[in-house]
Amino acid sequence: MIEVTLLGTGSPIPDADRAGPSTLVRAGSQTFLVDCGRGVLQRLAAAGSGAGALSALLLTHLHSDHIADLGDVIITRWISTFAPDPAPLQIIGPPGTAAVVQATLAAFGDDIGYRIAHHADITGPPGVQVHEHTDGVAWEQDGVRMLVGPTDHRPVTPTIGFRIEHDGASVVLAGDTVPCAGLDALAHGAGALVHTVIRKDLVEQMPMQRIRDICDYHSSVEQAADTAARADVGILILTHYVPALVRGQEDDWRARAAAHFSRQIELGDDLHRVQVHPGVCAES
Ligand SMILES: [Zn+2]
Ligand SMILES: [Zn+2]
């Protein structure tokens, strides 16, 4: 079984109830944080985990809403891991990730210096190992395999999706993307597809052109459902709602997806949890 928790279902627009984009995936004894938007560590605590418990941080792309709390994850893991010689944080992302991580460490350079000077048992900066991928196997450890595939969020490029497999169960995390062959291939036959969505019918009516601009590089609810149907996945999990999903309107969003995808559809508030069992769908 793989467990998916929607830690943050929000978007770049601050929301009193929704943290920024982030999803927690627990597979066997391993824990993966996918993107790290605003407020991620508070949601991680609410889900019973923490920065120190992560097997790896996965980044789908380098848009600010998806990496807003990258510094918090790196620094908090560093100062709240009390065992000597802690394992470096593994970060897997698209090309460009290493430069962003280096720049983040540089931004916290003063803080890192203060803590090394103040605590005798902190002798070096945060340990981080970055792995950049666009395609192929990115992780294979203790029965968990992770595949990466290209998505299409242009002009943001390169962007990637992840497929995590464990003991016959599988989950694909699409990130922000329009429908594309790379995601179709990655998601084929998966137990669940976690997909970011926008309501183009609502966004297109907004008076600000800058907001309407987002329609050309995101999937609508209907497009995400089409992708799920084409890929023959077992469960479609919607997140990153733009505009914010208003409580009481869940059925409207669900109906739009259900018109295109006839299996299980999940959506909801931060900390919504979905179990993905083996054999939900044919293995690819
Ligand atoms: Zn994006
Ligand atoms: Zn986004």
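Procedures and definitions
- Each chain carries its own residue numbering, running from 1 in the written order of its sequence.
- As they are written, the chains are lettered A onward and the ligands numbered 1 onward, keeping that order.
- Note on the predicted model: pLDDT of at least 70 is required for a residue's local features to be given, and 80 or more for side-chain atom pairs to be given and counted; whole-chain, interface and lining totals, by contrast, use all residues.
- Counts of 20 or more other C-beta atoms within 10 Å of a residue's own C-beta define buried residues, counts of 12 or fewer define exposed ones, and intermediate counts define partly exposed ones; C-beta atoms are placed from the backbone.
- Helix and strand definitions here come from DSSP, where helices need a minimum of 4 consecutive H or I residues and strands a minimum of 2 consecutive E residues; each element is numbered from the N-terminal end.
- To obtain the arc, one takes the directions from the helix axis to the C-beta atoms.
- Residues are defined as contacting one another if the C-beta atoms placed from their backbone atoms lie within 7 Å.
- A pair of strands is labelled paired if DSSP reports no fewer than 2 bridges between them.
- Angles here are taken between N-to-C directions and fall from 0 to 180 degrees, while the axes themselves are lines fitted to C-alpha atoms, restricted in helices to the stretch in contact.
- UniProt positions are given in the numbering used here, feature names are shortened, and annotations may be inferred rather than shown by experiment.
- Residues enter a nonpolar core if they are buried, belong to Ala, Val, Leu, Ile, Met, Phe, Trp, Tyr or Cys, and are joined to the set through C-beta atoms within 7 Å.

### Overview of helix α9 (residues 221-231)
Here is step 1: Taken residue by residue, α9 has Val221, Ala224, Ala225, Thr227, Ala228 and Ala231 as its buried positions. For α9, the buried positions fall inside an angular range of 155° around the axis, keeping them on one side.
Here is step 2: Where α9 is buried, its residues touch α6 (181-187), β11 (192-198), β12 (235-242) and α10 (250-258).
Here is step 3: Just past α9, the residue Asp232 takes up positive phi, approximately 60°.

### Some details on the sheet that holds strand β13 (residues 264-266)
Here is step 1: Reading across from one edge, β7-β8-β9-β10-β11-β12-β13 is the order of the seven strands in this open sheet, with mixed pairing throughout. Each edge of the open sheet carries a strand with a single partner, namely β7 (136-141) and β13. The sheet shows a mean angle of 20° between the axes of neighbouring strands, taken without regard to direction.
Here is step 2: Strand direction decides the pairing type here: β11 and β12, joined by six bridges, are parallel. Pairing of Ile198 across the sheet is with Val242, part of β12.
Here is step 3: Set on the sheet, α9 makes contact with β11 and β12; between it and β11 the angle comes to about 160°.

### Re unusual backbone geometry
Here is step 1: The amide bond that connects Arg154 to the next residue, Pro155, takes the cis arrangement and shows omega of 15°.
Here is step 2: Along the chain, Pro155 turns up in the loop between β8 (144-150) and β9 (160-166).
Here is step 3: For the peptide bond that leads from Val242 to Pro243, omega is -10°, which places it in the cis range.
Here is step 4: Phi at Asp167 is positive, roughly 55°, even though this residue is not glycine.
Here is step 5: What makes Asp167 partly exposed here is the crowd of 13 C-beta atoms within 10 Å.
Here is step 6: Even without a glycine there, the phi angle at Leu271 is positive, about 80°.

### Some points on the UniProt feature "domain: Metallo-beta-lactamase" (unreviewed entry) in the chain
Here is step 1: UniProt records the feature "domain: Metallo-beta-lactamase" (unreviewed entry) at residues 19-218, using the numbering of this structure.
Here is step 2: Taken as a whole, residues 19-218 contains 29% helix and 28% strand, while its terminal C-alpha atoms sit 19 Å from one another.

### A short note on the nonpolar core
Here is step 1: One finds Leu57, Val171, Ala192, Leu193 and Leu236 to be the most contacted residues of the largest nonpolar core, which totals 74 residues.
Here is step 2: Of the residues forming this core, the biggest block, six residues, is contributed by β12.
Here is step 3: Beyond its immediate chain neighbours, meaning those up to four positions away, Ala192 contacts Val4, Val171, Val233, Gly234, Ile235, Ile237, Val274 and Val276.

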